[in-house]
Amino acid sequence: MMVPAFAGHTYVSDNILNIFKNYLKGKNCIPFGDGLLVHLTQEDKFVPDAMVVCDRDKIKPDGVHGAPDLVVEVLSPSTAKYDRMYKKDVYERCGVLEYRLVSPAERYIEVYWLEDGGYVLYDVYTLPPDWMLNRMTDEERARVVTEFKCHLYGDLVIQLEDIFGDLF
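Below: a short report on this structure. (Residues numbered from 1 in each chain as written. Predicted model: local features only at pLDDT ≥ 70, side-chain atom pairs only at ≥ 80, totals over all residues. Heavy atoms only, no water.)

### Quick word on the overall build of the protein
Then, in step 1: Broken down by element type, the protein carries five helices and 12 strands.
Then, in step 2: Taken over the C-alpha trace, the protein has a radius of gyration of 16 Å; the compact-globule value for 168 residues is 15 Å, and the two agree within 12%.
Then, in step 3: Taken along its principal axes, the extent of the C-alpha atoms in the protein is 50 × 35 × 30 Å.
Then, in step 4: When each of the 168 residues of the protein is scored for burial, the buried share is 46%.
Then, in step 5: In the form shown here, the protein has an accessible surface area of approximately 9400 Å², with 53% of it arising from carbon and sulfur atoms.
Then, in step 6: Side-chain charges of the protein comprise 18 positive and 28 negative groups, with the mean position of each set lying 2 Å from the other. (Helix = DSSP H or I, 4+ residues; strand = E, 2+ residues; numbered from the N terminus. Rg over C-alpha atoms; globule rule 2.2 N^0.38 Å. Buried < 20%, exposed > 50% of the residue type's maximum accessible area, 1.4 Å probe, protein only. Areas by Shrake-Rupley, 256 points an atom, 1.4 Å probe, with all protein chains shown as cover. Lys, Arg positive; Asp, Glu negative; His and termini not counted. Charge placed at Lys NZ, Arg CZ, Asp CG, Glu CD.)

Encoded structure:
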């Protein structure tokens, strides 16, 4: 039996899925939210919080068979270690091109890219809370990155505010 998600987890997952749904509308790749099984190996079948699949032949009535192009796992205290270690290793080994770990509690996103068969941490994007931004100098605030480009889609710019904004 799965542990129910907390509100911040669901809110962030929905926001991420909506970003990809809006961007991919009318394009070949298809975004999926939580609930669809990904068959990677005989032993390893996962239900990511969000994913994008560009090879439509992988999509079957019972789930996705093979590596999605992009997988997002939203961290919860009960799943963080599993997502960060075991799932990450399986996704890497099976050829998921882009893997993201998202923490609603700490408002950050880790972005991993598959290069030469292994994941490379590309960057970590954090949306500081307002109280922290208010304590920063203008120079410090200017260095805060509030958006990033999706590796798979160079013209998709993702605003951290669109993911974490209004998070309770």
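### Focus on a nonpolar patch on the surface
Then, in step 1: A surface patch of nonpolar side chains, about 310 Å² in accessible area, is lined by Tyr82, Met85 and Tyr86.
Then, in step 2: Within the element layout of this structure, Tyr86 appears in helix α2 (residues 80–94). (Patch = residues over 30% accessible without salt bridge, like charges linked within 9 Å, V, L, I, M, F, W, Y side chains within 5 Å. Salt bridge = Lys/Arg side-chain N within 4 Å of Asp/Glu carboxyl O.)

### Considerations on the pairing of strand β7 (residues 70–74)
Successive residues of a regular strand alternate their side chains across the two faces of the sheet.
Then, in step 1: Burial analysis of β7 places five of its five residues in the buried class, which makes it a mostly covered element.
Then, in step 2: A two-sided burial pattern is seen for β7, the buried positions comprising Leu70, Val72 and Val74 on one face and Val71 and Glu73 on the other.
Then, in step 3: Examined bridge by bridge, strand β4 (residues 50–53) and β7 share three bridges and lie antiparallel to one another. Bridged to Ala50 within β7 is Val72.
Then, in step 4: Pairing of β7 with strand β8 (residues 98–103) involves five bridges; the strand directions are parallel. Across the sheet, Val72 pairs through a bridge with Arg100, a residue of β8. (Pairing = 2+ DSSP bridges.)

### Focus: the state of the cysteines
Note: disulfide means a covalent bond formed between the sulfur atoms of two cysteine side chains.
Then, in step 1: Counting across every chain of the model gives one disulfide.
Then, in step 2: Cysteine Cys150 remains unbridged, with the sulfur of Cys54 as its closest cysteine sulfur at 9.5 Å.
Then, in step 3: Residue classification places Cys150 among the buried positions, given a relative accessible area of 2%. (Disulfide = S-S within 2.5 Å.)

### Observations concerning the packing of aromatic side chains
Then, in step 1: Tallied over the full model, the rule gives 11 aromatic pairs.
Then, in step 2: Between Tyr91 and Tyr99 the ring centres are 5.1 Å apart and the planes differ by 50°, which places this aromatic pair in the tilted class.
Then, in step 3: Taking relative accessible area as the criterion, Tyr99 reaches 0% and is therefore assigned buried.
Then, in step 4: Relative to Tyr119, the ring of Tyr99 lies with its centre 5.9 Å away and its plane at 20°, an arrangement referred to as stacked. (Phe/Tyr/Trp six-rings, centres within 6.5 Å; stacked < 30°, edge-to-face > 60°.)

### Side note on the sheet that holds strand β1 (residues 30–33)
Then, in step 1: Taken in spatial order, the six strands line up as β1-β4-β7-β8-β9-β10 in an open sheet, and their pairing is mixed. Either end of the sheet is taken by a strand with one partner, and the two such strands are β1 and β10 (118–126). Between one strand and the next, the sheet's axes are offset by a mean angle of 15°, whatever the strand orientation.
Then, in step 2: In this sheet, β4 lies alongside β1 in antiparallel orientation, the contact comprising four bridges. Paired with Phe32 across the strands is Met51, a residue of β4. (Axes fitted to C-alpha atoms, helices over the stretch in contact; angles between N-to-C directions.)

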